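# Examination of the molecular architecture
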Amino acid sequence: PIELINPANAESLTISENKTDNESNSENESLRENFRSGMNIRKRIADLTIPQKISLAMKGNKNVRDILIVDTNRTVATAALTNPGITMSEIEKAAKSKSVCREVISYICRQREWLKRYPIKLALVYNPRTPAGLTIRLLSTLNEVDLRTISKSREVPKFIADAAKKQWLKKK
């Protein structure tokens, strides 16, 4: 079990991954000491193994999810999206982020419930890591004002801007 939820409460920290009780206890004591000494949460997370990060991503709080959703390991990053406490604003933030891996964007794109939210669709259109085919399909669901803005935007590839202009003129 991995529990690194509240940095203010050093006593709630328990991390053990197939180790003997003595090894686990000494590691837990070391990590508790890091909490007490005010060690940066990013540093603590960076020191965890991949299985520990995955478990933490699925159980951690918002601060932990924010860090792990941009992790270089795509399994860790997508595990953060499966956390039951994740909010739509966090998903929108991930969809806007240009530093998340393609797998995170693809995972968001496969969640129909999330794609019903207009801000998430708009964020995905602007994100250069979103697959081009999906971006083109999402354009048909956007309103005229956003299509016009996208058609004039330099933040998106030219073919996306051209497709947005075509959709905008069709709706006009």
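Everything below is about the structure shown above.
Nothing here was measured: the structure is a model prediction, and the numbers come from that model.

When you go through the chain residue by residue, the secondary structure sums to twelve helices and two strands. Per-residue burial over the chain gives 44% buried out of 172 residues. Taking the intrachain contacts of the chain between residues at least 6 apart in sequence as the baseline, contacts between residues at least 24 apart amount to 49%. Of the accessible surface of the chain, which amounts to about 9,700 Å², a share of 51% is contributed by carbon and sulfur atoms.

Turning to the environment of Gly133, a few remarks are in order. Note on placement: Gly133 falls in helix H10 (residues 132–139). Judged by relative accessible area, which is 44%, Gly133 ranks as partly exposed. C-alpha separation for the pair Gly133 and Ile160, spaced 27 residues apart in sequence, amounts to 9.8 Å.

This brings us to the packing of helix H9 (residues 118–126) against helix H11 (residues 144–152). Between H9 and H11, the least distance of the axes is 12 Å, while the angle of their chain directions is 15°. In this view, H9 runs roughly parallel relative to H11, as classed from their interaxial angle. Both H9 and H11 take part in a crossing whose hand is right-handed. On the side of H9, the interface is formed by Tyr118, Leu122, Val125 and Tyr126, while H11 contributes Asp146, Thr149 and Ile150. The class makeup of the residues in the contact of H9 with H11 is five nonpolar, one polar and one charged.

Let's shift gears to the side chain of Glu90. Following the sequence through the fold, Glu90 ends up in helix H6 (residues 88–96). Looking at Glu90, its side chain comes within polar contact range of the main-chain nitrogen of Thr87, at 3.1 Å. Not counting chain neighbours up to four residues away, the residues in contact with Glu90 comprise Lys62, Arg65, Asp66 and Gly85.

Now for the nonpolar core. One finds Leu68, Leu81, Ile108, Leu124, Leu139 and Ile150 to be the most contacted residues of the largest nonpolar core, which totals 45 residues. At six residues, H9 tops the list of elements feeding residues into this core. Leave out the neighbours within four places in its chain, and Leu81 touches Ile69, Ile86, Val104, Tyr107, Ile108 and Trp114.

Conventions and cut-offs
- Residues numbered from 1 in each chain as written.
- Predicted model: local features only at pLDDT ≥ 70, side-chain atom pairs only at ≥ 80, totals over all residues.
- Heavy atoms only, no water.
- Helix = DSSP H or I, 4+ residues; strand = E, 2+ residues; numbered from the N terminus.
- Buried < 20%, exposed > 50% of the residue type's maximum accessible area, 1.4 Å probe, protein only.
- Contact = heavy atoms within 4.5 Å.
- Areas by Shrake-Rupley, 256 points an atom, 1.4 Å probe, with all protein chains shown as cover.
- Axes fitted to C-alpha atoms, helices over the stretch in contact; angles between N-to-C directions.
- Parallel < 35°, antiparallel > 145°, perpendicular 65-115°, else oblique.
- Left-handed = near helix turned anticlockwise from the far one by under 90°.
- Nonpolar A, V, L, I, M, F, W, Y, C, P; charged D, E, K, R; others polar.
- Polar contact = N/O pair within 3.5 Å; in protein donor to acceptor, adjacent residues only side chain to side chain.
- Core = buried A, V, L, I, M, F, W, Y, C linked by side-chain atoms within 4.5 Å.

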